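# Descriptive analysis of the structure
Residues per chain are reported as follows:
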Amino acid sequence: MLKSTLLSTLRPFKTRLILIVFLGFFWSLRDILTPYLVKKMIDTTYYSEVLPKVIFQSMILIVIAWGVMEICMRIQGRLLIRTLPPIRTALYEKLTNHVNEYPLSFFKRHFSGNLADKIQGAVLGSENLLSIYLSSFIPILSHLFFSLILITLISPKLGGIFLCWITFHLWVTWKMGLRSLEKTQLSAEARSNLQARILDSLFNIFAVKTFSRETHESNYLKSYLDEELNATQKAQDYLEKVRWVLGGSSLVMLITTLTLSYLEWEKEVLSLGSLTLVIMLLLNLTSFLWYLSMEVIRFKEEFGRVKENLEVLFSEIPEEKAKNQSFIPKGHLLLKNVTFGYDTPLIKDLSFSLSPGKSLAITGLSGSGKTTLIHLLLSHIQAETGKIEIDGTSINALSQVDVRNVFAVVPQNPSLFHRSIRDNLLYGNLSASEEDVLKALKTSNCYSFIEALPLGLDTIVGDRGDKLSGGQKQRIAIARALLKQSPILILDEPTASLDEEMGIATIKNVLGAAKKRALLVITHQKKIAALMDHQLHIQ
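Spatially, four strands are ordered 2-1-4-5 in an open sheet, and the strand pairing comes out antiparallel. In the strand order of this sheet, the two ends are held by strand 2 (345-354) and strand 5 (393-394), each with one partner. Pairing of strand 1 (residues 333-341) with strand 2 involves six bridges; the strand directions are antiparallel. Looking at strand 2, one finds that Leu334 is bridged to Ser353.

Set out below in structure tokens:
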């Protein structure tokens, strides 16, 4: 699944990626061709009587070579701009859609902020990996390959030394890079834990302020701050050690090859032009090899972070989403001997039926499993024994889409998107008309307070609806559920944040507007329960 997701993201850009690789391979010849032209110029002028003409021609060739390669670089740069951002956008979309398909239990085990961070880390890390591969690895490896060939043709002895040097340099980079990767992963894990704790504190800022626990939160976070600082410094210290080793080996090889080149020239094995070429290539190779080593380490670190993020994002099997086109729910609900519990049974041998046009109140003490019942009905969790049927069909035989389309739910603590009231309402029915929206608002007693707002339905409700009161959020959630037009309407403590008069009036309105629906109300309020056709008390 993970591999297919990444490959399917890159497939539409295959032609561009191939062209970028080719251009990177081609323009890397610039740093080979220029020293070679200098060599030819020196060797030719050394024996030529028409020195100015030869120098001028060589300079023209150097300028042409640089111009052609510069054009290739700019074309590649343009292609990278037109390729990497669209790949990033496509990967954002694929990963977000994939995570959204996970069951609710997945999100209970992971901080939402941490998941968002992992999606972003996977996407940006993948973009960085592509950028390193296309912009660094291809040109530099091409340069090393052609430099090695050219030096070997001039002096097999120098070519052999260069080959040993490159091999040793890359081997050290690879080995030390593995150790650096381990330390970088520990640093990334510590940073992720720190971010999760900060988000947890910010999400619960109301509790922090209410209990005046700012100092406590600061002290609580200090251990995570210290852990992140320690892990980061260890990773950076080791990377500096890698630089020392590679820098020392480069200096030794530079001295060795320069000395040997000079001795070869003294023995007239190398011409003056060839000596110049070797020196120029040697200096270029030293810089490029050093840069390649750092890029290899960075690539491995990015790869490790991307792998870690993707392992979390692809750690479970998504829910079944296929929809049965032949299933058209009418709203007949049956539970028979349903039992569910974690360590001990929370719901035991629960049975009831509910038909369209009828209403049922579920009552019981806190912790008796009333809200758990909703999760069972929505297939967020599975009953251990017993059966749940919709129109005579077991919900286990239906897809997640089919089951959840049967129900419109108002949770006990409704959460709204940080969008306009209109957007939040239309979440229940994206094609609802203005007339449908106004009707739902009036039924849920929302119309008057929304009409009084300066921007009305276009008012932004804030993060999770925090700009609204609890009662206003509940009534908007009821209106949203009404717009869904599902055959079964579930209200979980829908009037908990409303005064008694407003709560009773709202439920009476819902009963009048949902005459053809089955209505299931979970409540502690006896007057609300008394409005229903039937009542069921859960022990």
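Time to look at the nonpolar core. Formed by 34 residues in total, the largest nonpolar core has its most connected members in Leu425, Val437, Leu441, Ile476, Leu489 and Leu491. Of all the elements, helix 16 (residues 470-484) adds the most residues to this core, at seven residues. Dropping the residues within four chain positions of it, Val437 is found in contact with Leu425, Leu426, Ala432, Leu457 and Leu483. Counting 29 residues, the second largest nonpolar core, distinct from the first, contains Leu360, Ile374, Leu376 and Ile538.

Quick look at the packing of helix 14 (residues 434-443) against helix 16 now. Running from N to C, helix 14 and helix 16 point in directions that differ by 135°, and their axes come no closer than 8 Å. Accordingly, the angle class assigned to the pair helix 14 and helix 16 is oblique. Handedness of the crossing formed by helix 14 with helix 16: right-handed. Every residue of helix 16 that contacts helix 14 at Asp436, Val437, Ala440, Leu441 and Thr443 is listed here: Ala479, Leu482 and Leu483. When grouped by side-chain class, the residues that make up the contact of helix 14 with helix 16 number six nonpolar, one polar and one charged.

This paragraph deals with the sheet that holds strand 7 (residues 488-492). Spatially, the five strands line up as an open sheet ordered 6-7-8-3-9, and their pairing is parallel. Strands at the two margins of the open sheet, each flanked by one partner only, are strand 6 (407-410) and strand 9 (534-538). Taken over all neighbouring pairs, the strand axes of this sheet differ in orientation by 15° on average, direction set aside. In the sheet, strand 7 pairs with strand 8 (residues 518-522) via five bridges, with the strands oriented parallel. Bridge pairing in strand 8 links Ile490 to Leu520. Across the sheet, helix 16 lies against strand 6 and strand 7, angled at about 175° from strand 6, the strand it touches most.

Before going further, it helps to spend a moment on a nonpolar patch on the surface. Among the surface-exposed residues, Phe56, Ile60, Leu61, Ile64 and Val68 lie close enough to one another that they form a single nonpolar patch of about 450 Å² accessible area. Among the structural elements, Phe56 can be located in helix 4 (residues 51-100).

This brings us to the pattern of salt bridges. Side chains that differ in sign of charge can pair as their charged atoms come close. All told, the structure shown has 10 salt bridges when counted by the stated rule. Between Arg191 and Glu228 there is a salt bridge whose closest N-O contact spans 3.6 Å. With Arg191 in helix 7 (residues 156-203) and Glu228 in helix 9 (residues 214-266), this residue pair connects regions lying 37 residues apart in the sequence. Assessed through its relative accessible area of 30%, Arg191 is described here as partly exposed. Under the relative-accessibility criterion, Glu228 is labelled buried at 16%. Where Arg422 meets Asp458, a salt bridge forms, and the shortest distance between an N and an O atom there is 3.4 Å. Of this pair, Arg422 sits in helix 13 (residues 421-426) while Asp458 sits in the loop between helix 15 (447-451) and helix 16, and the two are 36 residues apart along the sequence.

When glycine is set aside, most residues are seen to have a negative phi, and most peptide bonds are trans. Even without glycine at this site, Ser379 takes up a positive phi of about 65°. When you line up the elements, Ser379 lands in the loop between helix 11 (370-377) and strand 4 (385-390). In this structure Ser379 comes out as buried when scored by relative accessible area, which is 6%. Positive phi, close to 55°, is recorded for Asp391, a residue that is not glycine. By secondary structure assignment, the location of Asp391 is in the loop between strand 4 and strand 5. A relative accessible area of 25% places Asp391 in the partly exposed class.

Once that is clear, we can look at the pairing of strand 3 (residues 359-364). In terms of residue burial, strand 3 counts as a mostly covered element, since six of its six residues are buried. Burial along strand 3 is two-sided: the residues Ser359, Ala361 and Thr363 and Leu360, Ile362 and Gly364 are all buried. Pairing of strand 3 with strand 9 involves five bridges; the strand directions are parallel. Counted as the bridge partner of Gly364 is Ile538 from strand 9.

This next bit is on the packing of helix 7 against helix 10 (residues 272-313). The geometry of a pair of packed helices is captured by two quantities: the angle between their axes and the separation between those axes. The geometry of helix 7 relative to helix 10 is characterised by a closest axis approach of 8 Å and an angle of 25° between their N-to-C directions. The angle between the axes of helix 7 and helix 10 places the two elements in the roughly parallel class. Two packed elements cross with a definite hand, and for helix 7 against helix 10 that hand is right-handed. Residue composition of the contact of helix 7 with helix 10, by class: 17 nonpolar, nine polar and five charged.

A word on the environment of Ile151. Residue position: Ile151 is located in helix 6 (residues 112-154). With a relative accessible area of 1%, Ile151 lands in the buried category. The residues touching Ile151, leaving out its near neighbours within four places in the chain, are Leu158, Gly159, Phe162, Leu281 and Leu285.

This part is about helix 7. When the terminal C-alpha atoms of helix 7 are compared, their 67 Å separation across 48 residues agrees well with the 70 Å that a helix rising 1.5 Å per residue should span. At Gly177, helix 7 is bent by approximately 25°, the largest bend along its length.

All right, on to the packing of aromatic side chains then. Enumeration according to the criterion identifies six aromatic pairs in this entry. For the ring pair Phe417 and Tyr427, a centre distance of 4.5 Å and an interplane angle of 40° mean the geometry is tilted. Taken as a pair, Phe417 in the loop between strand 6 and helix 13 and Tyr427 in the loop between helix 13 and helix 14 lie far apart in primary sequence, 10 residues in all. Between Arg419 and the ring centre of Phe417, over which it is positioned, the NZ or CZ distance is 4.2 Å. In this arrangement the basic side chain of Lys442 is found over the ring face of Tyr447, its NZ or CZ atom lying 5.1 Å from the centre.

A few words now on helix 2 (residues 14-27). Relative to the 20 Å expected for 14 residues at 1.5 Å per residue, helix 2 spans 20 Å between its end C-alpha atoms, a close match to the ideal helical length. Those residues of helix 2 that sit buried are Leu17, Ile20, Leu23, Gly24 and Trp27. Taken down its axis, helix 2 places every buried residue within 125° of arc, on the same side. For helix 2, the exposed residues lying more than 90 degrees away from the buried face are Lys14, Thr15 and Ile18.

The rules we used
- Residues numbered from 1 in each chain as written.
- Predicted model: local features only at pLDDT ≥ 70, side-chain atom pairs only at ≥ 80, totals over all residues.
- Heavy atoms only, no water.
- Pairing = 2+ DSSP bridges.
- Helix = DSSP H or I, 4+ residues; strand = E, 2+ residues; numbered from the N terminus.
- Core = buried A, V, L, I, M, F, W, Y, C linked by side-chain atoms within 4.5 Å.
- Buried < 20%, exposed > 50% of the residue type's maximum accessible area, 1.4 Å probe, protein only.
- Contact = heavy atoms within 4.5 Å.
- Axes fitted to C-alpha atoms, helices over the stretch in contact; angles between N-to-C directions.
- Parallel < 35°, antiparallel > 145°, perpendicular 65-115°, else oblique.
- Left-handed = near helix turned anticlockwise from the far one by under 90°.
- Nonpolar A, V, L, I, M, F, W, Y, C, P; charged D, E, K, R; others polar.
- Patch = residues over 30% accessible without salt bridge, like charges linked within 9 Å, V, L, I, M, F, W, Y side chains within 5 Å.
- Areas by Shrake-Rupley, 256 points an atom, 1.4 Å probe, with all protein chains shown as cover.
- Salt bridge = Lys/Arg side-chain N within 4 Å of Asp/Glu carboxyl O.
- Expected span 1.5 Å × (residues − 1).
- Bend = angle between axes of the 7 residues up to and from the residue.
- Phe/Tyr/Trp six-rings, centres within 6.5 Å; stacked < 30°, edge-to-face > 60°.
- Lys NZ or Arg CZ within 6 Å of the ring centre and 35° of its normal.
- Arc of directions from axis to C-beta.

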